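Okay, here's what each chain looks like letter by letter:
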Amino acid sequence: MQVLKFGGTSVGSSKNINKVIAILEANAKQSKVICVVSAVGGITDKLLKAGHLAKDNKKDYKKEYKAIKNKHLAMLSELIPTNETKVADALEEKLKQLKNLLDGIFLINELSHQTSDRLLSFGELLSSFIIAETLKSRAISAVLKNAQELIVTNSNFTKAEVKFEPTNLNIRNYFNTSNKSITIVPGFISKSVNHEITTLGRGGSDYTAAIIAAALHVERLEIWTDVSGMYTTNPKLVKQAYPIKHISYQEAMELSHFGAKVLYPPTVQPVLDLKIPIHIKNTMDPKALGTIISENSHGKSSTATGITNINNIALLTLQGNGMVGVPGFSKRLFETLAQEKINIILITQASSEHSICFGIEVQEANLAEFAINEVFEYEIATKKIDPILVEKELAIIALIGDKMKSHQGISGKMFSTLGKNNINIRAIAQGASERNISAVIAEKDVKKALNTLHESFFESDTKQLNVFITGVGNVGERLVEQIKQQQQYLKKHLKINLRVAGLSNSRTMVFNADGIDLNAWKAELKEGEVATLEGFFKNAKVLNLRNSVFVDVTANEAVSKLYAKYLKESIAVVACNKIACSSTYENYVKLKALSLEYNAPFLFETNVGAGLPIIDTLSNLMASGDKITSIQAVLSREFKLCF
Ligand code: ADP
Ligand code: ASP
Ligand code: MG
């Protein structure tokens, strides 16, 4: 027996369902297949949205319902084109039940957790029905088994806990007597001991599959999704991310707990003790190797295994002099959070005990704030502590790997990499297992942080430079052409991936975070937005790319006045004109100081000697111990005026 689970995108269209069926048929040749399916991609979100609209007395819930209905009916007619009225009627009947439920929510303006679970259960009930009927219509030996008759939970609606004893018994009793070669099981849904509909938490279909795999002691569990495995980091945010071939259970758990959505965190637990490997595969590319999660990570060479992010984080800080040395503050704080069922993702405490700081999901921040201020009402009133401080729009990024504990300097490398790119760190936590170093940063910095850390830990020395060029007259145009010509050489020989991310002349400007196509830059620039110097700076800042460099190829004093702004964002500045460096000495010194402070080079080699390597040569001579006693030169007119 084998257990395969297919996620939302995999069952998100009739085209993809046909791919799923091809995989099922191939696997069924080896042994019986249990196929766990998610709701059609996006449907669970739509159900939830419809429920909330109905609860808020907004008639638009009907629009959401129609979209859900049309999607499923269209898929069915594409998959079973012959007029199977019985099947279509049965699907319509299920959709009618869904409509009745939404109408009910609209009438009573209430969407309790219990009703929400009932509502969301339609997603998996509908998808599993369509897939099972499609298989049957193609004369494949298949049956549908409702997971609600197998998986027993407590009544903790929206994230119910599984009662393993009755669940395992149900699963074994059913599958050990079933003779169908393929059984379709809806994931995510379950029933409580009291026969109420429950769900296992968002993303929980992976868990359903793991529970069944463990109950039946199958040889392996396959999770089929829309990417080719567990990647070094989220492939949707970092292009250079790549699938990890082997990974240990512990690392996989840590990655998924800290945001790698590809695997629902509790999934590993049921299969871990039985040492059942989990194979993550791509439905859209079945030949890709994917990731194998097993007992060990098979001697990987890199120290870190992956980088993750969790967005929508709030950081709460309890602080005050009255906390120092007084026992019991943390106990009361965490008890309060536990009572409110608020999950803490990260905790740090200063050794002075002057403050405790913890990260939670932003949706729970108001509840936490209210509850904590109430519990510490007396201490706050008597000014022993401050009211709890709540900061939002934050995210957690985490560097994860089994091998990190045996290597010094990993956290140093992590934080200096972030610092060099002007990413401010709000809080830090390192698990005692040393398998995880986490940092809280602004949510707007997540993409940059993941890219820059990925470059530093996973991309064998190649460094990406993102260049923003202002002024593409004669000289600027030559520079762009030179970059185009040298891109491959720089990559191969100097391991520099040089990209032009922004271009501007005095009329228009263009930007592209993935690099402007240098074969078509002139046409793109013509179509660009109206150029302003401030606008160019703002775009470079908002793009927030790692290793950004601003190149001034104008002869415009107004441009040089913005250098300080760029440097303060840790964006390096390269000036081809000497306006800034031959302005007041104070201004020059200030720019050099900013360059040092923000770790952003300020370079102006072409300012002296018409581009001959004079400044660089002098710097190198000084660095190796030479002293400059005098400089003799035949100066240009401007320089003479300066002296
Ligand atoms: P499914 O519906 O198949 O369960 P999910 O959307 O739950 O799929 O999970 C797959 C998605 O997880 C990917 O499309 C990707 O955007 C996201 N993801 C985040 N981090 C990672 C990672 N480290 N490796 C792979 N995918 C990741
Ligand atoms: N359909 C559910 C969700 O979107 C469960 C799953 O896909 O795993 O959360
Ligand atoms: Mg998922």
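Everything discussed here concerns the structure shown above.
What counts, and at which threshold
- Residues numbered from 1 in each chain as written.
- Chains lettered and ligands numbered in written order.
- Predicted model: local features only at pLDDT ≥ 70, side-chain atom pairs only at ≥ 80, totals over all residues.
- Heavy atoms only, no water.
- Helix = DSSP H or I, 4+ residues; strand = E, 2+ residues; numbered from the N terminus.
- Buried < 20%, exposed > 50% of the residue type's maximum accessible area, 1.4 Å probe, protein only.
- Contact = heavy atoms within 4.5 Å.
- Areas by Shrake-Rupley, 256 points an atom, 1.4 Å probe, with all protein chains shown as cover.
- Lys, Arg positive; Asp, Glu negative; His and termini not counted.
- Charge placed at Lys NZ, Arg CZ, Asp CG, Glu CD.
- 1 Å grid on protein atoms, 1.4 Å probe; cavity = no way out; pocket = protein on both sides within 12 Å on 5 of 7 lines; lining within 4 Å.
- Points joined across faces, edges and corners; volume = space filled by probe spheres on them.
- Nonpolar A, V, L, I, M, F, W, Y, C, P; charged D, E, K, R; others polar.
- Phe/Tyr/Trp six-rings, centres within 6.5 Å; stacked < 30°, edge-to-face > 60°.
- Pairing = 2+ DSSP bridges.
- Salt bridge = Lys/Arg side-chain N within 4 Å of Asp/Glu carboxyl O.
- Near = heavy atom within 4 Å.
- Polar contact = N/O pair within 3.5 Å; in protein donor to acceptor, adjacent residues only side chain to side chain.
- Patch = residues over 30% accessible without salt bridge, like charges linked within 9 Å, V, L, I, M, F, W, Y side chains within 5 Å.
- Core = buried A, V, L, I, M, F, W, Y, C linked by side-chain atoms within 4.5 Å.
- Expected span 1.5 Å × (residues − 1).
- Arc of directions from axis to C-beta.

**Focus: the overall build of the chain**
Then, number 1: For the chain, the helix and strand inventory stands at 22 helices and 24 strands.
Then, number 2: The principal-axis extent of the C-alpha atoms belonging to the chain is close to 95 × 70 × 55 Å.
Then, number 3: Among the 643 residues that make up the chain, the fraction classed as buried is 48%.
Then, number 4: Taking the intrachain contacts of the chain between residues at least 6 apart in sequence as the baseline, contacts between residues at least 24 apart amount to 72%.
Then, number 5: When the accessible surface of the chain is split by element, carbon and sulfur atoms take 52% of a total near 31400 Å².
Then, number 6: Taking the 75 positively charged and 64 negatively charged side chains of the chain as two groups, their mean positions are separated by 4 Å.

**As for the layout of surface pockets**
Rolling a probe over the atoms, with the probe sized like a water molecule, indicates the empty space that remains.
Then, number 1: Empty space within the second largest pocket amounts to approximately 1200 Å³.
Then, number 2: Together, 36 residues line the second largest pocket, and Leu 465, Val 549, Ala 572, Val 574 and Leu 603 are the ones closest to its centre.
Then, number 3: If you list the elements that add at least two residues to the lining of the second largest pocket, you get helix H13 (410-420), helix H14 (446-458), strand E18 (463-470), helix H15 (474-494), strand E19 (496-504), strand E22 (548-552) and strand E23 (572-575).
Then, number 4: For the lining of the second largest pocket, the leading source of residues is H15, giving six residues.
Then, number 5: For the lining of the second largest pocket, the residue count by class is 19 nonpolar, twelve polar and five charged.

**Topic: the packing of aromatic side chains**
Then, number 1: Applying the stated criterion across every chain, the model contains 18 aromatic pairs.
Then, number 2: Ring geometry for Phe 468 and Phe 511: centres 6.5 Å apart, planes at 40°, overall tilted. Placement of the pair is Phe 468 in strand E18 and Phe 511 in strand E20 (residues 508-511), with a sequence separation of 43 residues.
Then, number 3: Note on Phe 468: relative accessible area 0%, which makes it buried.
Then, number 4: Relative to Tyr 566, the ring of Phe 537 has its centre 5.0 Å away and its plane inclined at 85°; by these criteria the two rings are edge-to-face. With Phe 537 in helix H17 (residues 533-543) and Tyr 566 in helix H19 (residues 563-568), this residue pair connects regions lying 29 residues apart in the sequence.
Then, number 5: Classification of Phe 537 by relative accessible area gives buried; the value is 6%.
Then, number 6: On the accessibility criterion, Tyr 566 (1% relative accessible area) is buried.

**Thoughts on the pairing of strand E12 (residues 306-319)**
Then, number 1: Counting buried positions along E12 yields eleven of 14 residues, so the element is predominantly enclosed.
Then, number 2: Of the pairings in the sheet, the one linking E12 to strand E14 (residues 355-361) comprises seven bridges and is antiparallel in character. Residue Ala 314 lies in a different strand from E14, and its bridge partner there is Ile 360.

**A look at the sheet that holds strand E7 (residues 197-199)**
Then, number 1: Strand order in the open sheet made by the three strands is E4-E6-E7, with mixed pairing throughout. Of all strands in the sheet, those with a lone pairing partner are strand E4 (152-153) and E7, marking the two edges.
Then, number 2: One ladder, built from two bridges, connects E4 with strand E6 (residues 189-192); its direction is parallel. What sits directly across from Val 152, in E6, is Lys 191.

**Structural notes on the pattern of salt bridges**
Between side chains of opposite charge, pairing is possible as soon as their charged atoms come close.
Then, number 1: For the structure on display, the rule yields 23 salt bridges.
Then, number 2: Asp 514 is paired through a salt bridge with Lys 239; the nearest N and O atoms lie 3.5 Å apart. A residue pair is termed long-range when its members are at least 10 positions apart, and Asp 514 in the loop between E20 and helix H16 (521-526) and Lys 239 in the loop between strand E8 (221-225) and strand E9 (246-248) qualify at 275 residues.
Then, number 3: Looking at Asp 514, the relative accessible area reads 44%, which means it is partly exposed.

**Points about the site of ligand 1**
Then, number 1: As a matter of local geometry, ligand 1 sits amid 16 residues, with Thr 225, Asp 226, Tyr 231, Lys 236 and Lys 261 nearest to it.
Then, number 2: Between an oxygen atom of ligand 1 and a side-chain N or O atom of Lys 5, the distance comes to 3.0 Å.
Then, number 3: When isolated, ligand 1 has an accessible area of 570 Å², and the protein chains bury 89% of it.
Then, number 4: Looking at the shell around ligand 1 residue by residue, the classes come out as six nonpolar, six polar and four charged.

**What to know about a nonpolar patch on the surface**
Then, number 1: A contiguous nonpolar surface patch, about 220 Å² in accessible area, is contributed by Val 608, Leu 612 and Ile 614.
Then, number 2: Judged by its relative accessible area of 31%, Val 608 falls in the partly exposed class.

**Describing empty space enclosed by the protein**
Then, number 1: Considering all chains together, one arrives at one cavity of 30 Å³ or more under this definition.
Then, number 2: If you add up the space inside the largest cavity, you get close to 30 Å³.

**Topic: the nonpolar core**
Across soluble globular proteins, you tend to see nonpolar side chains buried next to one another.
Then, number 1: Core analysis: the biggest nonpolar cluster contains 127 residues, and Leu 24 and Met 230 have the highest contact counts within it.
Then, number 2: The element contributing the most residues to this core is helix H5 (residues 113-137), with nine residues.
Then, number 3: Setting aside its immediate chain neighbours within four residues, Leu 24 contacts Leu 4, Phe 6, Val 33, Cys 35, Leu 135, Ile 182 and Ile 184.

**Some words on the side chain of Glu 64**
Then, number 1: Assignment of secondary structure puts Glu 64 in helix H3 (residues 61-79).
Then, number 2: Given the relative accessible area of 12%, Glu 64 is considered buried.
Then, number 3: Within the structure, the side chain of Glu 64 is placed 3.3 Å from the side chain of Lys 49, a separation counted as a polar contact.
Then, number 4: If sequence neighbours within four positions are ignored, Glu 64 has contacts with Lys 46, Lys 49, Ala 50 and Leu 53.

**A few points about helix H20 (residues 585-597)**
Then, number 1: The end-to-end C-alpha separation of H20 is 18 Å, in line with the 18 Å expected for 13 residues at 1.5 Å each.
Then, number 2: When we look at burial in H20, the residues that qualify are Leu 591, Leu 594 and Ser 595. Seen end-on, H20 carries its buried residues on one side only, within an arc spanning 105°. Seen from the buried face of H20, the exposed residues on the opposite side, beyond 90 degrees, are Tyr 585, Glu 586, Leu 596 and Glu 597.
Then, number 3: Tucked into the core, H20 has its buried residues touching H19 and strand E24 (602-603).
Then, number 4: In the segment just after H20, Asn 599 is the residue with positive phi, at about 60°.

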